[in-house]
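# What the coordinates show
One letter stands for each residue in the lines below.
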Amino acid sequence: MSTPMILSLGSINSDLEFRGVASLGGGTVRTAGFTERAGGKAANVAVFTHRLGIATRLLGRIGNDYYAKVATDPLRKAGVDLNGVTSTDKAQTGIAIVIVQKNGDKTMLNASNANMEWGSEASALARDMIEAAPENSLLVADFEVPRNVLEIAFSSAERRRLKYWSTRPSPRKSNCRFSNASMRLRRTSRKPKDS
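The sections below set out a description of the structure shown in this document.

Conventions adopted
Residues numbered from 1 in each chain as written. Predicted model: local features only at pLDDT ≥ 70, side-chain atom pairs only at ≥ 80, totals over all residues. Heavy atoms only, no water. Pairing = 2+ DSSP bridges. Helix = DSSP H or I, 4+ residues; strand = E, 2+ residues; numbered from the N terminus. Axes fitted to C-alpha atoms, helices over the stretch in contact; angles between N-to-C directions. Contact = heavy atoms within 4.5 Å. Expected span 1.5 Å × (residues − 1). Bend = angle between axes of the 7 residues up to and from the residue. Buried < 20%, exposed > 50% of the residue type's maximum accessible area, 1.4 Å probe, protein only. Salt bridge = Lys/Arg side-chain N within 4 Å of Asp/Glu carboxyl O. Polar contact = N/O pair within 3.5 Å; in protein donor to acceptor, adjacent residues only side chain to side chain. Phe/Tyr/Trp six-rings, centres within 6.5 Å; stacked < 30°, edge-to-face > 60°. Arc of directions from axis to C-beta. 1 Å grid on protein atoms, 1.4 Å probe; cavity = no way out; pocket = protein on both sides within 12 Å on 5 of 7 lines; lining within 4 Å. Points joined across faces, edges and corners; volume = space filled by probe spheres on them. Nonpolar A, V, L, I, M, F, W, Y, C, P; charged D, E, K, R; others polar.

Turning next to the sheet that holds strand S8 (residues 138-141). Strands sit in the order S5-S4-S1-S8-S9 across an open sheet of 5 strands; the sheet is parallel. Looking at strand neighbours, the two that pair on one side only are strand S5 (81-88) and strand S9 (163-166), the edges of this open sheet. Ignoring which end each strand starts from, the neighbouring axes of this sheet average 15° apart. Examined bridge by bridge, S8 and S9 share 4 bridges and lie parallel to one another. Note that in S9 the partner of Leu-139 across the bridge is Tyr-164. Across the sheet, helix H2 (residues 66-78) lies against strand S4 (56-63) and S5, angled at about 165° from S4, the strand it touches most.

The terminal C-alpha atoms of H2 lie 19 Å apart, and with 13 residues this matches the ideal 18 Å at 1.5 Å per residue to within 8%. Maximal helix bending in H2 amounts to about 35°, located at Thr-72; proline Pro-74 follows within four positions. Along H2, the positions that sit buried rather than exposed are Ala-68, Val-70, Ala-71, Thr-72, Asp-73 and Leu-75. Where the residues of H2 are buried, they touch strand S2 (13-21), strand S3 (33-39), helix H1 (41-51), S4 and S5. Within two residues after H2, Gly-79 carries a phi angle of roughly 95°, on the positive side.

Scanning all chains against the criterion turns up 8 salt bridges. When the shortest N-O distance is used, the salt bridge between Asp-128 and Arg-127 registers 2.9 Å. By relative accessible area, Arg-127 is classed as partly exposed at 31%. In this structure, a network of salt bridges that share partners links the residues Lys-69, Asp-73 and Arg-76.

Relative to the elements of secondary structure, Glu-17 occurs in strand S2. Between the alpha carbons of Glu-17 and Ile-99 there is a distance of 5.9 Å; along the sequence they are 82 residues apart. Residues in contact with Glu-17, not counting those within four places in the same chain, are Gly-33, Phe-34, Thr-35, Arg-37, Val-98 and Val-100. Engagement of the side chain of Glu-17 in a polar contact is seen with the side chain of Arg-19, the distance being 2.6 Å.

The next point concerns the packing of aromatic side chains. Under the defined criterion, the tally for this structure stands at 3 aromatic pairs. Their ring planes at 50° and their centres at 5.3 Å tell us that Phe-154 and Tyr-164 sit as a pair that is tilted. Highlighted residues: Phe-154 in helix H4 (residues 147-160) and Tyr-164 in strand S9, separated in sequence by 10 residues.

Another point: helix H3 (residues 120-131). With 12 residues, H3 ought to run about 16 Å at 1.5 Å a step, and its terminal C-alpha atoms sit 16 Å apart, in line with that. For H3, the full list of buried residues reads Ala-122, Ser-123, Ala-126, Met-129 and Ile-130. The buried residues of H3 occupy one face: seen down the axis, they fall within an arc of 130°. Pointing more than 90 degrees away from the buried face of H3 are the exposed residues Ser-120 and Glu-121. On its buried side, H3 packs onto strand S1 (6-9), S4, S5, S8 and H4.

Looking at the second largest pocket, its volume works out to about 450 Å³. Among the secondary structure elements, those contributing two or more residues to the lining of the second largest pocket are S2, S3, H1, strand S6 (94-101) and strand S7 (106-111). Examining the composition of the lining of the second largest pocket, we find that 4 residues originate from one element, S7, more than from any other. Counted by class, the lining of the second largest pocket contains 6 nonpolar, 7 polar and 7 charged residues.

By themselves, these observations are geometric and do not establish any function.
Encoded structure:
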């Protein structure tokens, strides 16, 4: 019997972080520093669960560009399984510009880019990897990929009787929620509660 694993499905970004920003007023804004890092909800879940010693596979999309290397090299070096990460020529790798002000407040500008470019081949690969996962594996998915990809993933997990968990979408971005009754995503007019 194979060891259960975490399948982390969703966003993979290159985070461009500016620190020590006094204010975000107009004009040129000086910062205390700049770093490039791997990021994205699914990528972060994959790194953290892997560090806990849990077998983890990342399922997501990147572009064929410089930022794909920024987003995936640290994951590869850490030993995260990237066999479920595919690339596209249709969009750049997802980018998050993170602005950390001197008072600690954080602002993020996010361009989903490749995270939203899932063709039929990439969706089929994710489905196949979920369906081939060892018994008692767990699917963790964020809401930063197309809705149809989530539907395919959750249906595949249901067929395999795998447990799943999804990160709550940001209240500003979406009013989608997962319906336990239908095991499908559905639109709702209720606003999600703030954390």
